[in-house]
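As a plain string of letters, each chain reads:
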There are 2 protein chains.
Amino acid sequence: MPRVIKHPEIRREDILDHAQALFLTQGYDRASLNDVIASAGISKGAFYHYFPSKEALLEALADRFARQALAAVQSVLDDPDLDPLGRLNSLLSQSRQAKIETAAEAWALFETMFRPENLVLFHRINLAAHASFSPLLVKVIRQGVEDGTFRTFDPEGVADIVMQFGLATHDVVAKAIAGGSDADMEVAIEVLEKRVRLYEIALDRILGLPDGSIRIGEPGYIRAVMTARRKADKAR
Amino acid sequence: MPRVIKHPEIRREDILDHAQALFLTQGYDRASLNDVIASAGISKGAFYHYFPSKEALLEALADRFARQALAAVQSVLDDPDLDPLGRLNSLLSQSRQAKIETAAEAWALFETMFRPENLVLFHRINLAAHASFSPLLVKVIRQGVEDGTFRTFDPEGVADIVMQFGLATHDVVAKAIAGGSDADMEVAIEVLEKRVRLYEIALDRILGLPDGSIRIGEPGYIRAVMTARRKADKAR
C-alpha cells in the first residue's frame, strides 16, 4: 500500500477524528493508544510526533470542542441589536445550547476528567477553555461598564468569578460519577440547580443589576446536560 | 536503650512535631522520609503504621494548622456583643491574623502544594480545610439571614463561594512561585490585592450589603503573607 502523504495539520486533525470516533464508541478509558494508532493507520512514531500521550489527545479534543463552541457564539458579540445585558445573556445562553447539543459526546469523551486521579488533567483542560472563553466575557462585561449597565471596577476579575463558578461544580459532578447510581445523579442535579440559581443572583449583584437579570441556566438545563451522560453510557 | 512506649495519639503528634521541625529547617521538598524517621527515633514500620506517605504527613500537618486556626476563631462565634456583620468580619479578620502570624511557617511547610505536580495534594488539603472552616461561615451567614442583615436564600452556597475565592488565587500564587523572582512576586501581590477588593465588593453584594461592608483583606495583608515566603526562604 503506498504511503499517503498528508499535510501535517490535516494529518493531526485526521488522528483527532479517529481518536474521537474510538472514544465515542468505546469510551476514553477503555480505548487504548494502540487502538487509535491502528484506526488512524499510522506508525507509532508518526503518532508520537503529533501527540506525546493519550492525555494530550484528550486535551487537543477539548481544545477543538472549545474552538467550535467559540465560533458559534462569535455572532453574538457582533450583533448590534443587543444591549450589553442582552449580549451577556445571549453569550451564556448560546454556550448552554452548545453544551446541551454536545452533552452526550462530551460525556463520552471527557467524563474521565472527573475521576480523582485525573484532577490535574481537568485543571489543565479548564485553564485552556478559560483562556479562550474569558476574553469574550471580558469584552462584553467591559462594554456594559462603559455604557453604565454594569457596575464593577474589574471586568477581568468578574469574568474569572464566572469561570470559577463552573469549576466550583467539579466536586459535585465527580461525586455523582463516583457514586454511579441514578440516585447519586439526582442528588447532584438538585445541588447544581440550586447552585445555578445562587450564581445567577450572585452575578446580578456583582454587576450591580437587579436580581433576575442574568440567566446562567433555564429550568431543565442542568438535567438535560447531566442525564445525557447515562444516555451516552447506554448507547455504547 | 530501652524502648519508650508512648500512647498512639502522643506518638503520632510526636512524629508530626519532628516532621514539622525538619520541614521548617530544610523545607518539605528537601527533607526525606528517612530524615523524619531518624529524627523521631522510631522504626520504619512504626512510622508507616501512622502515615502511609510523606504527603500524608503534610496533610496531617495542614489539618493540625487548620484545627489551631479554628480554635482561635471559635470565641468570635460566641461573642454576644457582635452583630452578624461584625461577627463575619471578625471571623475573616481573625483568620487573616492567624495567617499572617503563621505565614513564614506555612510557606516553609506548604509551598510545595503550589507546584504543578502537587495540584491533587493542594486540592485534597483544601477540601479538608474547607470542610472544617465552612460550617462556621455557614453558621454566621445563617444568623445574618435570620435577623435580616444578609439577604440570600443559600447560606451554604455563599460559604462555598467564599471558600472558592481562596482557591481561585491558586494559579496566581503558583505562577509567582514558578517564576521565583521578586518581580514575579510583585506582580502576584498586585493581582491579588485587586482581587481582594473585587471579592470584598462581590461578597457585599451577594449578601445584599452596601459596598464596603465586608473586609476580606486590609491594606498590607497580601504583602505581609506573600513576602513572608522570601523571609522563610532566607532563614534556612
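Residues numbered from 1 in each chain as written. Chains lettered and ligands numbered in written order. Predicted model: local features only at pLDDT ≥ 70, side-chain atom pairs only at ≥ 80, totals over all residues. Heavy atoms only, no water.

## What about the nonpolar core?
Argument step 1. Counting residues in each nonpolar core, the largest one holds 145 residues, and the members touching the most others are Leu 57 of chain A together with Leu 57 of chain B.
Argument step 2. Those residues in contact with Leu 57 of chain B that sit more than four places away from it in its chain are Ile 15, Leu 16, Ala 19, Phe 23, Leu 33, Val 36, Phe 47 and Phe 51 of chain B. (Core = buried A, V, L, I, M, F, W, Y, C linked by side-chain atoms within 4.5 Å. Buried < 20%, exposed > 50% of the residue type's maximum accessible area, 1.4 Å probe, protein only. Contact = heavy atoms within 4.5 Å.)

## A closer look at the packing of aromatic side chains
Argument step 1. Tallying each qualifying case throughout the model produces 14 aromatic pairs over all chains.
Argument step 2. Geometrically, the ring pair formed by Phe 47 of chain A and Tyr 48 of chain A is edge-to-face, given 5.5 Å between the ring centres and 85° between the ring planes.
Argument step 3. Between Phe 114 of chain B and Phe 122 of chain B, the aromatic rings sit 5.4 Å apart at their centres with planes inclined by 55°, giving tilted as the arrangement. Here the two residues Phe 114 of chain B and Phe 122 of chain B agree in accessibility, since each one is buried.
Argument step 4. The rings of Phe 47, Tyr 48 and Phe 51 of chain A are connected pair by pair, giving a single aromatic cluster.
Argument step 5. Over the ring of Tyr 28 of chain A we find Lys 54 of chain A, and its NZ or CZ is 4.5 Å from the ring centre. (Phe/Tyr/Trp six-rings, centres within 6.5 Å; stacked < 30°, edge-to-face > 60°. Lys NZ or Arg CZ within 6 Å of the ring centre and 35° of its normal.)

## Section: the interface of chain A and chain B
Argument step 1. Tallying the contact residues gives 30 residues for chain A and 30 residues for chain B.
Argument step 2. For chain A, the biggest contributors to the area lost against chain B are Phe 153, Leu 198 and Arg 205 of chain A; these three give 27% of the whole.
Argument step 3. Connecting chain A to chain B are four salt bridges.
Argument step 4. Put simply, Asp 154 of chain A and Lys 194 of chain B hold a salt bridge, and the shortest N to O gap is 3.8 Å.
Argument step 5. Of all the secondary structure elements, the ones that give two or more residues to the side of chain A that touches chain B are helix H7 (119-146), helix H8 (155-168), helix H9 (170-179) and helix H10 (182-206) of chain A.
Argument step 6. Looking at which element gives the most residues to the side of chain A that touches chain B, the answer is H10 of chain A, with nine residues.
Argument step 7. In terms of residue class, the side of chain A that touches chain B is made up of 14 nonpolar, six polar and ten charged. (Buried area = accessible area lost by both parts, 1.4 Å probe. Salt bridge = Lys/Arg side-chain N within 4 Å of Asp/Glu carboxyl O. Helix = DSSP H or I, 4+ residues; strand = E, 2+ residues; numbered from the N terminus. Nonpolar A, V, L, I, M, F, W, Y, C, P; charged D, E, K, R; others polar.)

## What to know about the domain arrangement of chain A
Residue and element names in this part refer to chain A.
Argument step 1. Taken domain by domain, chain A comprises domain 1 (1-52) and domain 2 (55-235).
Argument step 2. Distance from the C-alpha centre of domain 1 to the C-alpha centre of domain 2: 29 Å.
Argument step 3. Opposite the 17 residues of domain 1 that make contact, domain 2 presents 13 residues.
Argument step 4. For the pair domain 1 and domain 2, the summed buried area comes to about 1300 Å², and 64% of that belongs to carbon and sulfur atoms.
Argument step 5. At the surface where domain 1 touches domain 2, the tally comes to three salt bridges.
Argument step 6. We note a salt bridge from Glu 13 to Arg 64, for which the minimum N-O separation is 2.8 Å.
Argument step 7. The set of elements that each furnish at least two residues to the side of domain 1 that touches domain 2 consists of helix H1 (8-26) and helix H2 (33-40).
Argument step 8. When its residues are assigned to classes, the side of domain 1 that touches domain 2 shows eleven nonpolar, two polar and four charged. (Domains from an automatic or database assignment.)

## Some words on the relation of the copies chain A and chain B
Between the two copies of the chain lies a rotation about an axis combined with a shift along it.
Argument step 1. Superposition record for chain A on chain B: RMSD 0.0 Å, screw rotation 180°, translation along axis 0.0 Å. Expressed as a symmetry operation, the mapping of one chain copy onto the other fits a two-fold axis. Closest approach to the rotation axis among the C-alpha atoms of chain A is made by Arg 205 of chain A, whose C-alpha sits 2.6 Å away.
Argument step 2. When the interface residues of chain A are mapped onto chain B, 100% of them are again interface residues, pointing to one common binding face. (Least-squares fit on C-alpha atoms with pLDDT ≥ 70 in both.)

## Concerning the environment of Ile 141 of chain A
All names here are of chain A.
Argument step 1. On the secondary structure map, Ile 141 appears in helix H7.
Argument step 2. Counting along the chain gives 14 residues from Ile 141 to Pro 155, while the straight-line C-alpha distance between them is 5.8 Å.
Argument step 3. With near-sequence residues (within four places) excluded, Ile 141 lies in contact with Phe 150, Thr 152, Pro 155, Val 158, Ala 159 and Leu 207.

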